[in-house]
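Residue-level structural notes
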Amino acid sequence: MAEQAPLTSERRRLSPAQIRRRRLVALTALVGAVVLVVVAVAVALPHVRHERAAPPPPPPPPKTFRVIFPEGFTRAQMAQRVQAVAKIARSKRGKPVALSSRVYLSATSTATVPCFAPRRRTNLEGFLFPATYDFLAKTTSRQLVGAQLQAFCQNWRSVDLEYAKSKNLTPYDVLTIASMVEKEAQVAAERPLIAAVIYNRLHNRMPLGIDATLRYGLHIAPTQSILQSQLDSDSPYNTRKVPGLPPTPIANPGLASIRAAAHPANVDYLYFVRKPDKIHHFFTASDTAFAQYECAHGYGC
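Anyway, here's the lowdown on the structure attached to this text. (Residues numbered from 1 in each chain as written. Predicted model: local features only at pLDDT ≥ 70, side-chain atom pairs only at ≥ 80, totals over all residues. Heavy atoms only, no water.)

Looking now at the state of the cysteines. Scanning the model with the defined rule gives one disulfide in all. Disulfide pairing is shown between Cys-115 and Cys-153; the S-S distance is 2.2 Å. Handedness of the Cys-115-Cys-153 disulfide follows from its S-S torsion of about -85°: it is left-handed. You can see Cys-115 sitting in the loop between β2 (111-112) and β3 (120-121) and its partner Cys-153 sitting in helix α5 (residues 141-156), a full 38 residues away along the chain. (Disulfide = S-S within 2.5 Å. Helix = DSSP H or I, 4+ residues; strand = E, 2+ residues; numbered from the N terminus.)

Here you go:
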């Protein structure tokens, strides 16, 4: 038989108590290591869960389109613009859009204007504020009209009507005058002057003689000449024959024309006629000077 190897000197020197202490230290170290591992896992797990549960990034916002209504557009012209813009939006998107000229005309035939009395109107001509409006594919024509009425009220509330009231003009009169100013003026400085001519003629009980009202009432295009038979028309929009203001606004004016209609220039002008440049106007208080100017520039003698 092989002999058993002798114990080392270190083993022989350890007492049973020392061996137990070493075993306790080793067990304590092992338990500590296990605790550290458990803590590390517990700390890491919420982050893992959070990363796994994080929602996907939001989709890009829907594409917006834009419709521009210039100052002086009529309700009918705005409906045509809606139709044209809807067609462009459909071609770009490849899908239908909600805007419709037919619904737009229906929505503008009768509606409530919150800032105007009476609030319920059966003709929104004049109240459809001209501006740039963004819309989505799902935007309806009625929502677009609502945005225009909201813009109108926001601008209308900034207008001081005290002077017009002192001349016995109603807010609707001011809006009607503003529409005529918008159709006649092409230069900003002339808006208060044209408004003054209208005020002065009303005061003197003279026919206003503004062809833009007749064009509106008889649907005469700006490029068409007005015929004598049309000048003789009994249309309430024929301000050459019928005294006073036309029954409704003839366009949708911007804020500058509304303010000019509320605060005309302090002048005595009774006449104005377009100059040969087709932009500016000649103003005068004299019917003789007016006739001479017209004759000199080929408007008839």
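Mapped onto the fold, Glu-190 is located in the loop between α7 (171-184) and α8 (191-203). For the buried residue Glu-190, which engages in no salt bridge, the nearest side chain bearing the opposite charge is Lys-275, 6.0 Å off. Beyond its immediate stretch of four places on either side in the chain, Glu-190 contacts Ile-279, His-280, His-281 and Phe-283. (Buried < 20%, exposed > 50% of the residue type's maximum accessible area, 1.4 Å probe, protein only. Lys, Arg positive; Asp, Glu negative; His and termini not counted. Salt bridge = Lys/Arg side-chain N within 4 Å of Asp/Glu carboxyl O. Contact = heavy atoms within 4.5 Å.)

All right, on to the pairing of strand β1 (residues 65-68) then. Burial of the side chains of β1 is restricted to one face: Phe-65 and Val-67 are buried, whereas none of Arg-66 and Ile-68 on the reverse face is. Here β1 runs beside strand β4 (residues 132-135); their pairing, made up of four bridges, is antiparallel. Note that in β4 the partner of Arg-66 across the bridge is Asp-134. (Pairing = 2+ DSSP bridges.)

Under the counting rule described, the total for this entry stands at 16 aromatic pairs. Ring plane angle 20° and centroid distance 6.2 Å describe the contact between Phe-127 and Tyr-172, whose orientation is recorded as stacked. Of the two residues, Phe-127 sits in the loop between β3 and β4 while Tyr-172 sits in helix α7, which places them 45 residues apart along the sequence. Overall, Phe-127 belongs to the buried group, its relative accessible area being 0%. In this structure an aromatic cluster arises from ring pairing among Phe-116, Phe-127, Phe-152, Trp-156 and Tyr-172. (Phe/Tyr/Trp six-rings, centres within 6.5 Å; stacked < 30°, edge-to-face > 60°.)

Quick look at the layout of surface pockets now. Each pocket or cavity is described by its volume, and for the largest pocket that value is around 1,500 Å³. Lining the largest pocket are 44 residues; nearest its centre among them are Lys-183, Glu-184, Asp-211, Ala-212 and Arg-215. Among the secondary structure elements, those contributing two or more residues to the lining of the largest pocket are α3 (75-93), α7, α8, α9 (211-218), β5 (271-274) and α12 (287-296). With five residues, the top contributor of residues to the lining of the largest pocket is α9. By residue class, the composition of the lining of the largest pocket is 20 nonpolar, eleven polar and 13 charged. Considered as a void within the structure, the second largest pocket measures approximately 460 Å³ in volume. If you go around the second largest pocket, you meet 19 residues; those closest to its centre are Lys-167, Tyr-199, Asn-200, Leu-202 and His-203. Counting residues per element, the lining of the second largest pocket draws most heavily on α8, at six residues. (1 Å grid on protein atoms, 1.4 Å probe; cavity = no way out; pocket = protein on both sides within 12 Å on 5 of 7 lines; lining within 4 Å. Points joined across faces, edges and corners; volume = space filled by probe spheres on them. Nonpolar A, V, L, I, M, F, W, Y, C, P; charged D, E, K, R; others polar.)

Before going further, it helps to examine the pairing of strand β6 (residues 281-284). The alternating pattern of β6 places His-281 and Phe-283 on one face and Phe-282 and Thr-284 on the opposite face, and all of these are buried. Pairing analysis gives four bridges linking β5 to β6, with the strands arranged antiparallel. Across the sheet, residue Val-273 finds its bridge partner in β6, namely Phe-282. Linking β5 back to β6 in an antiparallel pair, the connection comprises six residues, with Lys-278 at a positive phi of about 65°.

The N-capping residue of α12, defined by a side-chain oxygen 3.2 Å from the backbone nitrogen of Thr-288, is Ser-286. After α12 finishes, the residue Gly-298 shows a positive phi value of roughly 75°. (Polar contact = N/O pair within 3.5 Å; in protein donor to acceptor, adjacent residues only side chain to side chain.)

A few words now on the side chain of Gln-230. Its location among the elements puts Gln-230 in helix α10 (residues 228-231). There is a polar contact of 2.8 Å between the side chain of Gln-230 and the backbone nitrogen of Leu-227. Residues in contact with Gln-230, not counting those within four places in the same chain, are Leu-214, Leu-218, Ile-220, Ser-225 and Asn-238.

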